[in-house]
Amino acid sequence: MNWPISVGLVPEPAEHLRRRALSDPLDAVLGGFGTPSPHQVLCGASGVGKTQLAAHHTRALRDHPVPHQRPEVVLWADAATRDGVVFAYAQAARRLFAHVPDDAELAAGQFLSWLHDPVDASGRRWLVVWDDLTDPAQVQDLWPPTERPHGRMIVTSRHAPVVHGPHTHTVGAFSAAEADGYLRAALVEAGIAHTDAELRPLAAALDHLPLALSQATAYMADLHLTPAAYLALFHRRTAAHAASYPQWDTRSPVAATWELAVERADAHRPEGVARPLMGLIALLDSAATPEQVAVSRPIRNYLGRRTFPARTLTRHEVRLALASLERLNLVARDTPLVIGAHHLTQRATLEHTRTRPTREAVRAIADGLVDVWPDTARDSALGRRLRSNTAVLRERTAGRVRVWSWLWEEGIHPVLFRAGSGLDSSREVEWAVTYWEVLAEAVAHTLDPAPADRPEHTGHFFRHGAQGGVPAVTDPLAYWTGASADLSQAQRAFENLYERQLRVLGPDHLDTLRTRHGLAHLRAQAGDTAGAVSRYRELLADLDRVVGPDRVETLSTRGNLAVCHAEAGDLPTAVRASRALLADQREHLGPDHPNTLSTLHNLAHWRGVAGDPEGAVNGLRELVAIQTQVLGEDHPSTLTSRHNLACWQARAHDAVGAVHALETLVADRRRVQGPEHPDTLSSLRQLERLRREQRARAHSEPGDRQPDHSGAREDGAHGNGGNHEVDPNDEPTGPQALNQSWM
């Protein structure tokens, strides 16, 4: 165990950060360990600097000059939802313990037990921070113990929650002296001349609010504008609030500072991109929007339609626009590649006439979320952030209308299924059932305006049970792919749905094409490879015509067609198709897109099976390198690819390298997955087999024929190069379907 352990992103210090009046009493409590201390709760309105105050004291304690006064566990959690706290706790548990349950709630409980038990914690010093606590009732069972000599906790909240045992501090705006000091530091750094007579009225007009001051000084620095000139602009914008914010009756100065700042950012190159990009960011999670979403192809297409002339932006151009927004203190960017925006900044964006939500913007965001959503996202940090952003989008409104409802007006958007797929395993079962009931009704209404009170709505989401017609919930995504229902039942459901879609939507609607994709996949699952190949080919021709060759739907169909070719025994065709597909996916989806990685895996596997184990090794080495960078070295997919690489190294006559790789892998799997996990045992069996073969080779007579000890598969009479039985689960993983339902 390497101490200290850090979980979560502690925000970077704001520019010109000032010492606050609250700093002294907080220093007295958070200046070290050794005496019992209650939880410290910082309450106040939006924009007053609660998060920055908490981050400052977190960094001060983390970097304490006395080593034995530094926390050994630092955890920063987004407490706007229960899921944020649970995720952070689960991550901490996985850093602390060798054996951790897969279920996030259980893992969080394991970490909480460690906090509460002085024996388990062994007197380790810890600091837990909950940022933006919104609903104390949701996290009532997750509070760390209070009054512990070796434990400290900080909570920030826009509300005044009644919680057990904390000491609450009310955080207000800057004092006059603090605001004056902030303005002086910012203007001196920017080289802008100023006088006391200019600073006092500007600070007063901005209500001494830290957020407003930060946006105002960024604007002045960008244009080298004097405080008096900015104040005149500010007053003109404030006077025009009724026209800019017709539905927002606010006195916050951020309404005007935001408007000026976003105009300035929008004037930076690429011109006309920052403002619509800010409109999209405001629809998502204020704490952590993955940058992959902002630079995804659907978002770049949406932003490009707002430039003149219209075009598809590059990722670099979107990142330039993000940098402009960051420069004007409208967003914050942090590692690993996440974007944050203040709640008040988001509110101004959503209320302004030029950036309030539109149907096109909401669908673009939904497309962007789906575009980067990996099939293995459930337990990853990216998966948690995507679910959190989807949950925020679900709650956004335009006037009295929830923007979520726009996602089923023109066919059911795939993000609706992504959003629901994680609910079934959560602790809020009632909400999961309600979600799928509402979505089922929306699907039925979209496909057929007739009443949806028949035993089956669509065949995808609910089957009515025997007890009074109560819906029996199945996993919608699993049912969609025929995984939880028998294949004949799934086939009938898809065929019935396809007939209704043809009648109501037409043959070229994306939902109709999606169902044809599901029918082809079911044919392959049922063993009718020739029928699946025929269906995929016909579908591919229609997708090329309707949506184009560079869409994820078209590329996924090409990948699954290659899988069917390989399963039919036509490996040369599968290899040729996958090579061409991999190049196209890297260009259109990116080198680290989940489907690109699946194709890289498939191509390596098929090259090995076709007699080129060295080619398989090269492909898998590339795959492991990308997965380590994108998913992390301890992610299950990365560990699986390392197992596959070792297997093919053995078959490529590199038994020594394979043994070394498996020894390292077994140690890592014991640490991450546990010694009794099936994957750990699989790698251990493979390692022991290769070691036996090495010992056999060492004892062979010099004149004897040297057997092939590489692990390469021979014909059925000779087994796998050894005289012992091999568990098929120890063999390299076979080909993977590519995003088979496009969801």
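Since the structure is predicted, the reported quantities are computational estimates derived from the model, not experimental observations. (Residues numbered from 1 in each chain as written. Predicted model: local features only at pLDDT ≥ 70, side-chain atom pairs only at ≥ 80, totals over all residues. Heavy atoms only, no water.)

Asks: Help me understand the overall build of the protein chain in this model?
Replies: When helices and strands are counted, the protein chain shows 31 helices and 13 strands. Counting over 743 residues, the protein chain shows a buried share of 53%. Excluding contacts between residues fewer than 6 apart, the proportion of contacts in the protein chain whose partners are at least 24 apart in sequence is 68%. Summed over its atoms, the accessible surface of the protein chain is roughly 31,900 Å², and 52% of this surface lies on carbon and sulfur atoms. (Helix = DSSP H or I, 4+ residues; strand = E, 2+ residues; numbered from the N terminus. Buried < 20%, exposed > 50% of the residue type's maximum accessible area, 1.4 Å probe, protein only. Contact = heavy atoms within 4.5 Å. Areas by Shrake-Rupley, 256 points an atom, 1.4 Å probe, with all protein chains shown as cover.)

Asks: Explain empty space enclosed by the protein here, please?
Replies: Where empty space is left can be seen by rolling a probe of water-molecule size over the atoms. Per the stated rule, a full pass over the model turns up two cavities of 30 Å³ or more. Taken together, Leu277, Leu280, Ile281, Leu284, Thr289, Val293, Ala294, Ile299, Ile339 and Ile365 make up the lining of the second largest cavity. Elements with a minimum of two residues in the lining of the second largest cavity: α12 (274-281) and α13 (291-294). No other element matches the three residues that α12 contributes to the lining of the second largest cavity. (1 Å grid on protein atoms, 1.4 Å probe; cavity = no way out; pocket = protein on both sides within 12 Å on 5 of 7 lines; lining within 4 Å. Points joined across faces, edges and corners; volume = space filled by probe spheres on them.)

Asks: What should I look at first to understand the sheet that holds strand β7 (residues 289-290) in this one?
Replies: The strands that make up a sheet pair up through hydrogen bonds in the backbone, lying either parallel or antiparallel. Within the open sheet, the three strands sit side by side as β7-β9-β8. Their pairing is antiparallel. Single-partner strands in this sheet number two, and they are β7 and β8 (332-334). Inspection of the sheet shows β8 paired to strand β9 (residues 338-340) by three bridges, in the antiparallel sense. In the strand pairing of β9, Ala332 is matched with Gly340. (Pairing = 2+ DSSP bridges.)

Asks: Hey, could you run me through unusual backbone geometry in this one?
Replies: Backbone phi values are negative for most residues with the exception of glycine, while trans is the configuration of most peptide bonds. Residue Pro270 follows Arg269 across a cis peptide bond; omega there is -5°. Here Pro270 shows up in the loop between α11 (254-267) and α12. Cis geometry marks the peptide bond from Phe308 to Pro309, where omega comes out at -5°. Along the chain, the position of Pro309 falls in the loop between α14 (297-304) and α15 (315-327). Its identity as a non-glycine residue notwithstanding, Asp207 has a phi of 55°, on the positive side. With phi around 60°, His208 is a residue other than glycine that occupies positive phi space. Within the secondary structure, His208 sits in the loop between α7 (196-205) and α8 (210-223). According to the relative accessible area criterion, His208 is partly exposed, its value standing at 21%.

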